[in-house]
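Take a look at the letters that make up each chain.
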Amino acid sequence: MTEIDRINLVHLAIAARKSAYAPYSRFLVGAALMTSDGIPFTGCNVENTSYGLCICAERTAICKAVSEGHRAFEAIAIAATPFATPCGACRQFIVEFGQQIEVICVDADDPSNMKSWKIDELIPENFKF
Ligand code: THU
């Protein structure tokens, strides 16, 4: 990914965050996933009055892409304020589709605060069946 690609993906994640449905935590998260053939899929967190049913932004984006027939991913950008990294469940969900997927986290209110890793750095020795 070029630096321009990274910045574009981050801005898609920031835009997707505007759709977050988070009336319980009020913690709004947006995600933007880039397929290996250059198609972006976005997602946001979707909460529920039965708290355990809450779905993270990353998993929303991945389910949207997979359900449309895409399984090869290059990167995922995640936008929240304050800056946050993906939860453990989302790390496992991302690594399912490749150890080398780039994870870019950004503070939605201060996009200059951005950091990235390969997913295998965020979930080393990850579970494989
Ligand atoms: N959340 C995400 O969307 N992604 C993460 O990786 C961590 C947490 C959401 C879930 C919940 O709606 C809110 O943030 C607070 O935990």
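The structure contained in this document is the topic of the report that follows. Because the structure is a prediction, the values reported are computed rather than measured.

Thresholds, definitions, all that
Residues numbered from 1 in each chain as written. Predicted model: local features only at pLDDT ≥ 70, side-chain atom pairs only at ≥ 80, totals over all residues. Heavy atoms only, no water. Phe/Tyr/Trp six-rings, centres within 6.5 Å; stacked < 30°, edge-to-face > 60°. Helix = DSSP H or I, 4+ residues; strand = E, 2+ residues; numbered from the N terminus. Pairing = 2+ DSSP bridges. Axes fitted to C-alpha atoms, helices over the stretch in contact; angles between N-to-C directions.

1. A few points about the packing of aromatic side chains
All chains considered together, the criterion is met by two aromatic pairs. With 5.5 Å between their ring centres and 45° between their planes, Y24 and Y51 make a pair best called tilted. Pair noted here: Y24 is in the loop between α1 (3-16) and β1 (29-35) and Y51 is in the loop between β2 (40-44) and α2 (57-67), with a separation of 27 residues, a long-range link. Plain terms: the ring middles of F73 and F97 are 5.5 Å apart, the flat faces sit at 70° to each other, and that makes the pair edge-to-face. Residue F73 is located in strand β3 (residues 73-80), and its partner F97 is located in the loop between α3 (88-95) and β4 (102-107); the two are separated by 24 residues in the primary sequence.

2. A closer look at the sheet that holds strand β5 (residues 110-118)
Across the sheet, which stays open at both edges, the five strands sit in the order β2-β1-β3-β4-β5 with mixed pairing between neighbours. Across the chains shown, the open sheet's two edge strands, defined by having one partner strand only, are β2 and β5. Strand after strand, the sheet turns through a mean of 20° between neighbouring axes, direction not considered. Here β3 runs beside β4; their pairing, made up of six bridges, is parallel.

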